[in-house]
Amino acid sequence: MNLSQLDENEYNPHYKHYILELGDVDLFEILNASFEELLETIKDLPEEKLVFRYDEGKWTIKELLQHLIDTERIMSYRALRFSRNDATELQGFDENWYVDNSNGNNRNFNDLLDEFTCTRRASISLFKSFTNEMLQLSGNANGSDMTVRALGFIIPGHQMHHLKIIKERYL
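Parameters and conventions
Residues numbered from 1 in each chain as written. Predicted model: local features only at pLDDT ≥ 70, side-chain atom pairs only at ≥ 80, totals over all residues. Heavy atoms only, no water. Helix = DSSP H or I, 4+ residues; strand = E, 2+ residues; numbered from the N terminus. Buried < 20%, exposed > 50% of the residue type's maximum accessible area, 1.4 Å probe, protein only. Contact = heavy atoms within 4.5 Å. Polar contact = N/O pair within 3.5 Å; in protein donor to acceptor, adjacent residues only side chain to side chain. Axes fitted to C-alpha atoms, helices over the stretch in contact; angles between N-to-C directions. Parallel < 35°, antiparallel > 145°, perpendicular 65-115°, else oblique. Nonpolar A, V, L, I, M, F, W, Y, C, P; charged D, E, K, R; others polar. Pairing = 2+ DSSP bridges. Core = buried A, V, L, I, M, F, W, Y, C linked by side-chain atoms within 4.5 Å. Expected span 1.5 Å × (residues − 1). Arc of directions from axis to C-beta.

**Comments concerning the environment of Asn12**
At step 1: Turning to its location among the elements, Asn12 is positioned in the segment before helix H1 (16–20).
At step 2: Under the relative-accessibility criterion, Asn12 is labelled partly exposed at 23%.
At step 3: It is 16 Å that separates the C-alpha atoms of Asn12 and Ile74, two residues lying 62 residues apart in sequence.
At step 4: When residues no more than four places from it in sequence are discounted, the contact partners of Asn12 are Ser144 and Asp145.
At step 5: Within the structure, the side chain of Asn12 is placed 3.3 Å from the side chain of Ser144, a separation counted as a polar contact.

**Brief notes about the packing of helix H2 (residues 27–42) against helix H6 (residues 109–129)**
At step 1: Two numbers describe how H2 lies on H6: the axes approach to 10 Å, and their chain directions differ by 175 degrees. Here H6 runs roughly antiparallel to H2, going by the angle between their axes. Residues Leu27, Phe28, Leu31, Asn32, Ser34, Phe35, Leu38, Leu39 and Ile42 of H2 pack against Phe109, Leu113, Phe116, Thr117, Arg120, Ile124, Phe127 and Lys128 of H6.
At step 2: Within the contact of H2 with H6, the residues separate by chemical class into twelve nonpolar, three polar and two charged.

**Quick notes on unusual backbone geometry**
At step 1: Although it is not a glycine, Asn103 adopts a positive phi angle of roughly 65 degrees.
At step 2: Residue placement: Asn103 occurs in the loop between helix H5 (95–100) and H6.
At step 3: Positive phi, close to 55 degrees, is recorded for Asn142, a residue that is not glycine.
At step 4: Judged by relative accessible area, Asn142 falls into the exposed class, the value being 53%.

**Concerning the pairing of strand S1 (residues 138–141)**
At step 1: In this sheet, strand S2 (residues 144–147) lies alongside S1 in antiparallel orientation, the contact comprising four bridges. Within the sheet, the bridge partner assigned to Ser138 lies in S2 and is Thr147.
At step 2: If you look at the hairpin formed by S1 and S2, you'll find two residues sitting between the two strands, and Asn142 has a positive phi there, around 55 degrees.

**A few points about the nonpolar core**
At step 1: Counting 28 residues, the largest nonpolar core has Phe127, Leu151 and Phe153 as the members making the most contacts within it.
At step 2: Of all the secondary structure elements, the ones that give two or more residues to this core are H1, H2, helix H4 (61–83), H6 and helix H8 (148–169).
At step 3: A total of six residues in this core trace back to one element, the largest contributor, which is H8.
At step 4: Among all residues touching Leu151, those that are not within four sequence positions of it are Met75, Arg78, Ala79, Phe82, Phe127 and Met146.

**Observations regarding H2**
At step 1: With 16 residues, H2 should cover 22 Å at 1.5 Å per step; its first-to-last C-alpha distance of 23 Å lies within 8% of that length.
At step 2: The complete set of buried residues in H2 reads Leu27, Ile30, Leu31, Ser34, Phe35, Leu38, Leu39, Thr41 and Ile42. Mapping the buried residues of H2 onto a view down its axis gives an arc of 165 degrees, with all of them on the same face. Relative to its buried face, H2 has exposed residues pointing more than 90 degrees away, namely Glu29 and Glu40.
At step 3: Tucked inside the fold, the buried residues of H2 contact helix H3 (47–50), H4, H6 and H8.
At step 4: Between a side-chain oxygen at the N-terminus of H2 and the backbone nitrogen of Phe28 the separation is 3.0 Å; the capping residue is Asp26.

See below:
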């Protein structure tokens, strides 16, 4: 499944920059490539870099990684619900509240990396299980309609957005 198949009416405009920055890519290639690039960028960073904040109130790399894990789980959950024709409107989530209550900075970094790896592998397996018909199904989350396939591209697009910030402001 390529990004060029995605129409702008399949997702909330809030996610547009995440999706457009990916270019015309295959979903599974970008899920794998973005995963590898993030791991390669952060895996050997010293603890002082992992807990550094470039400004007051900004997240650390550990907190960013926990945020990516949480968000990917939520987006995959939405995709699962929509793929099953679940018409229940799903609530949004407050990303800052989640980070504030995640204990991300106190977690072992290797445990965070393992959790991210497991989460991404689960997401890839989930999206591989969807038929073409399932990928085109939609639902409502946080007051906005979106398709299953759009959620698949939002996951790596969101991650690449944060990776760009890590490279620009933390390293």
